[in-house]
Amino acid sequence: MELNTEIITTAPLDSASVVLLRDSAQGMQVLLLRRHQASNVLGGAYVFPGGKLDAADQSPGLLAQLSQDIGTLHQRLAEPHLSAERAAGLFVAAIREAFEECRILLGQTGDDSPDLQALQDALASGQSWAEAFQNLSLRLSTDTLVPWTRWITPRQASVTHKRFDTRFFITRVPEGQTAEHDNHETTEALWITPREALIRYWDRQIELAPPQIMGLVQLGRHSDTHSALAEAQSRHPPVVEPEPFDQDGVRTICYPGDPRHSVARSAFPGPTRLMFKNKRFEPELGLAALLDHD
């Protein structure tokens, strides 16, 4: 991972990302997708499915296919300064990106048994999401998609050359659906416990960006999906605006709760700063700081 030293003057792009969970014999697992090595955003890194908000995600036809009205979604996102249509569009973007990147259609139950191949064929034929959902009599189910955190890339972005205002949602993977990487934007779909992912990161088996590192630390507190979802439902998603600075020639990113950060209250458990060492971001106290959240 190379460090970006440029100052980005453009406004952050609205985007949505999804933390997909499942319970397993090994404990709660999270889905990570490996971005294509040639990608200009975090190439080769393991990320949660997601991408930027498209104008079509806010189209009246598509918003009409939602299982909840836009006022309810606006309230659930807890961003009063955002329009209701844009808030609802972010839920749509999360669902769309999850299907495009790993063929998971969120919010469906076993009784729904959606025809995923028919949806994929309809989209491949050139139909819009609104047209495909209407023609196949599908609903965009948002009920189980829970707002989790919001990350805003600083102007001095450390690992990308773009700024994003990303809303992270959290949900269980629907029963009977299998995650598949698309071999275009992503080259691997990995189900893994948060602890094992952090250990593999430390052992240099996988590459992670700071939001994924800190997200996995947060998930590591939970033994099952019920606990993780209950915690997310109990509060508004914290806004995380990383504040970078250079200390003794080392790029350091601090988060809410750090003595150097402008926000005194912590947004999540774990270390409050990461330092760029050995071409990756590490906490001051090493792996133990990522695994010990007490």
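Small disclaimer: the values here were computed from a predicted structure and weren't measured. (Residues numbered from 1 in each chain as written. Predicted model: local features only at pLDDT ≥ 70, side-chain atom pairs only at ≥ 80, totals over all residues. Heavy atoms only, no water.)

Engineer: Pulling in residues and values, what's your account of helix 3 (residues 84-102)?
Structural biologist: Taking 1.5 Å as the rise per residue, helix 3 with 19 residues should run 27 Å; its terminal C-alpha atoms sit 27 Å apart, in good agreement. Of all 19 residues that make up helix 3, 16 are buried, and the element is covered over most of its length. (Helix = DSSP H or I, 4+ residues; strand = E, 2+ residues; numbered from the N terminus. Expected span 1.5 Å × (residues − 1). Buried < 20%, exposed > 50% of the residue type's maximum accessible area, 1.4 Å probe, protein only.)

Engineer: Just give me the short version of the pairing of strand 2 (residues 27-35), but keep the residues and values in it.
Structural biologist: Along strand 2, seven of the nine residues are buried, which leaves the element largely enclosed by surrounding structure. In this antiparallel pair of consecutive strands, strand 1 (residues 13-24) and strand 2, the connection spans two residues. Strand direction decides the pairing type here: strand 2 and strand 3 (residues 46-47), joined by two bridges, are antiparallel. Its bridge partner being in strand 3, R34 is matched across the sheet by Y46. (Pairing = 2+ DSSP bridges.)

Engineer: Requested: an account of the pattern of salt bridges, with residues and values cited.
Structural biologist: Going through the model one piece at a time under the given rule, you end up with 17 salt bridges. For E97, the salt bridge is made with R96, and the minimal N-O distance between the two is 3.1 Å. For the residue pair E97 and R96, the accessibility class agrees, reading buried in each case. Two residues, D246 and R251, come together in a salt bridge whose shortest N-O distance is 3.2 Å. Using a relative accessible area of 52% as the deciding quantity, one classes D246 as exposed. Within this structure, D14, E79, R86, R150, D165 and R167 form a network of salt bridges that share partners. (Salt bridge = Lys/Arg side-chain N within 4 Å of Asp/Glu carboxyl O.)

Engineer: Could you give me a rundown of the environment of M214, with the residues and numbers involved?
Structural biologist: Within the secondary structure, M214 is located in helix 7 (residues 210-219). Accessibility expressed as a relative area gives 0% for M214, which makes it buried. Dropping the residues within four chain positions of it, M214 is found in contact with W151, Y255, F268, P269, P271 and L274. (Contact = heavy atoms within 4.5 Å.)

Engineer: Residue-level account of the nonpolar core, with values.
Structural biologist: Soluble globular proteins tend to bury their nonpolar side chains together. L20, L106, L140, L145 and F169 are the most contacted members of the largest nonpolar core, which totals 40 residues. Among the secondary structure elements, those contributing two or more residues to this core are strand 1, strand 2, helix 1 (60-63), helix 2 (70-77), helix 3, helix 4 (116-124) and helix 5 (129-135). When residues in this core are grouped by element, the largest group, eleven residues, is from helix 3. When sequence neighbours within four positions are dropped, the list of residues in contact with L145 reads V18, R76, F91, A94, I95, L106, F169, I170 and T171. Counting 36 residues, the second-largest nonpolar core is a separate cluster that includes M214, L229, Y255 and L274. (Core = buried A, V, L, I, M, F, W, Y, C linked by side-chain atoms within 4.5 Å.)

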